[in-house]
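# Summary of structural features
Each chain, written out:
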Amino acid sequence: MKTKSLWTQVPNCGPNLTLIDRDYSPAAGASVWHNCPQLALLDPYVGWTFFEDFLDMPCDDTTHNPTAWSYSGIHPSQITFPISLLSGVIQLDSANTDLDETYIQAGHSVTVAPFVITDASLNPVFFEARVRMLEIADLGAFIGLAEEGSAAAGFLTDATGVLVNKDLIGFNILNASPTAWNFTYKALGQVVYTQANVVANDGATWVRLGFYFDGLHTVRTYINGVLNATTHLTNAATFPTGEEMSPIIAVKTGEGVLKRIQVDYIKVVQIR
Amino acid sequence: MVFADRDYSPYTGASVWHNCPQIALLDPTVGWIFYEDFLALPCDVTLHDPTGWTMQTDIAPGGGPMTFPVSFLGGVASVTTGGAADNDETYFQAGHSKTVAPFWMVDASARALFFECRVMAAQHLSNSIFVGLAEEGACAANFLSNDDGVIADKDFIGFNILDATPAAWNYTHRLSGQVVVTQVGVAVNADDWHRFGFYFDGLHTVRLYIDGALNATTYLTSAATFPAGQEMSPMIAVKTGAVAGNAKIVKVDYFKVVQIR
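Scope of this entry: the structure provided in the associated data block.

The rules behind the values
- The residue count restarts for each chain, going from 1 along the sequence in the order it is written.
- Note on labels: chains are lettered from A, ligands numbered from 1, in written order.
- Local features in a predicted model are, by the rule used here, given only for residues with pLDDT of at least 70; side-chain atom pairs are given and counted only at 80 or more, and totals for whole chains, interfaces and linings are based on all residues.
- Strands are runs of DSSP state E lasting at least two residues, helices are runs of H or I lasting at least four, and both sets are numbered from the N terminus onward.
- To sort residues by exposure, count the other C-beta atoms lying within 10 Å of each residue's C-beta; 20 or more gives buried, 12 or fewer gives exposed, and values between give partly exposed, all with C-beta atoms placed from the backbone.
- Any two strands with at least two DSSP bridges between them are considered paired.
- Once C-beta atoms are placed from the backbone, any two residues with those atoms within 7 Å are in contact.
- By definition, a nonpolar core groups buried Ala, Val, Leu, Ile, Met, Phe, Trp, Tyr and Cys residues that are joined through C-beta atoms within 7 Å.
- Angles here are taken between N-to-C directions and fall from 0 to 180 degrees, while the axes themselves are lines fitted to C-alpha atoms, restricted in helices to the stretch in contact.

### Some points on unusual backbone geometry
Phi is positive for F54 of chain A, close to 60°, though the residue is something other than glycine. Structurally, F54 of chain A can be placed in the loop between β3 (47–52) and β4 (69–72). The phi torsion at H48 of chain B lies on the positive side, around 70°, for a residue other than glycine. Of the residues examined, H48 of chain B has 18 C-beta atoms within 10 Å and is grouped as partly exposed.

So, in structure tokens, the structure goes:
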């Protein structure tokens, strides 16, 4: 047996027990999930877990769009599940006309927004997505949480990829710097915050993009399992504190060339 | 063994899940788990109704008998009767087909069963509600009787509200053809959230957990009125009573049902 217990001293929250495998699990501290009381979450009253692994996503017979997600796009067949990739991967294509865009947001209804990061709430939130782009030029992309109804035309601005004026938090790529993933958040009506280039987009490599809200005042990001040195305060005016949000995937082309984002999984946990 | 979080988990004994071998259930041969948190429920792209649940409603197609309100965190299904007419009703039962009924409690079977849902009635006037397990095909017109909300002659176990006592949540079970058993007023319906659970120990006894607290009354699965050995599926039901006036709504945060194989 190679299973062992791992105690993680979670910043501001005390010790957390995780069961890990000596061979298969990330090293101690090298995962946002080492902070998460996942064993306790087997009791649904402790919190709620959104986990989409894209293994058998329900889709409409005609449009082939996901039936549990809101969709915004302009062409059929912009959402596929490539056979050449293991573990369940969704691919969103922008289509190949300049400014074509495709967005999907969890929740069939545009009113679904089950997650909120509220300053000093004692309700931690954990997020991680495994993702990659297949292109590295003139594109906009976003993966993270955004307010309900964000999956709509123009969520990413034409030619720049700048995020529309919505509550959101996550990771994005801008047209002007398409080889860089940024961490970003915004409260509706406030200026957008961006920590530029938290990891490179090379058009091929998978990256794990995560963040963790401790339930008090601080959000920490995990890039490929590594804790980023920069922290973010949820009581900042620019932070979308108290705003209800839902997982979203977005891609947009800035030229007449197809752009593609692939997502292996999205997992979001909130403590009740 | 249960792993609990010192800050976030219910106190020791204050959860039906403290009885459940949830770690062992990571092996699917141990049992099966139904867990619907309504975070991202697959719905028909045209009518917007859940595709994984059977539906019965008086609402016109596309009228939204189940919606997902933005103002509720954690994924909440809002099931409504829709119209204001007397005896309007909406029912959902897990399983696209009316033959789906994956759970049962068999006396002395050694197959324990665990149930919990978090639910809120949005009104407490002239409405009837049921949340629990019911036999396959129970999701049909008049599962709740006109004007009184009495549950149809089906196999079922769960929690209900009757028209005559809309401020009281009751525990109830029935074996089809037998008289209904009811424990009146296990919780007050003040249009607030409640956690309703029960636990069958695999031998002869069902115990209730109301808002995490063990209820003193127990029920024998060997009783003639208990739906022992009857296959059932999770169900949500709401009906407007004799006093018409507005739509009646029940909100469900989650359903979790576990059965040991």
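Moving on from the coordinates now.
### Here we look at the pairing of strand β1 (residues 3–10) of chain A
Residue and element names in this part refer to chain A. Little of β1 is tucked away: 0 of the 8 residues are buried. Examined bridge by bridge, β1 and strand β2 (residues 14–21) share 8 bridges and lie antiparallel to one another. Within β2, the position partnered with K4 by the bridge is I20. Hairpin connection, β1 to β2: the antiparallel pair is bridged by 3 residues, and N12 has positive phi, about 70°.

### What to know about the environment of F159 of chain B
All names here are of chain B. Here F159 is to be found in strand β8 (residues 156–161). With 26 residues separating them in the primary sequence, F159 and L133 have C-alpha atoms 9.3 Å apart. If sequence neighbours within four positions are ignored, F159 has contacts with V131, G132, W169, N170, Y171 and F196.

### Description of the environment of S145 of chain B
All names here are of chain B. Residue placement: S145 occurs in the loop between β7 (127–135) and β8. Given 17 C-beta atoms within a 10 Å radius, S145 is considered partly exposed. When neighbours within four sequence positions are excluded, S145 is seen to be in contact with V150 and A152.

### Concerning the nonpolar core
All names here are of chain B. If you look at the biggest cluster of nonpolar residues, it comprises 139 residues, and the most contacted ones within it are M235 and V252. Among the elements that make up this core, the one with the highest residue count is strand β15 (residues 249–260) (7 residues). Once residues within four sequence positions are removed from consideration, M235 is found in contact with Y91, F92, Q93, F130, G132, L133, A134, A138 and C139.

### Section: the sheet that holds strand β9 (residues 168–174) of chain B
Residue and element names in this part refer to chain B. Within the open sheet, the 7 strands sit side by side as β2-β5-β14-β7-β8-β9-β10. Their pairing is antiparallel. On the outer flanks of this sheet lie β2 (53–57) and β10 (181–188), each paired with one strand and no other. Between one strand and the next, the sheet's axes are offset by a mean angle of 15°, whatever the strand orientation. Bridge count between β9 and β10: 5 bridges; the pairing is antiparallel. Within the sheet, the bridge partner assigned to H173 lies in β10 and is V181.

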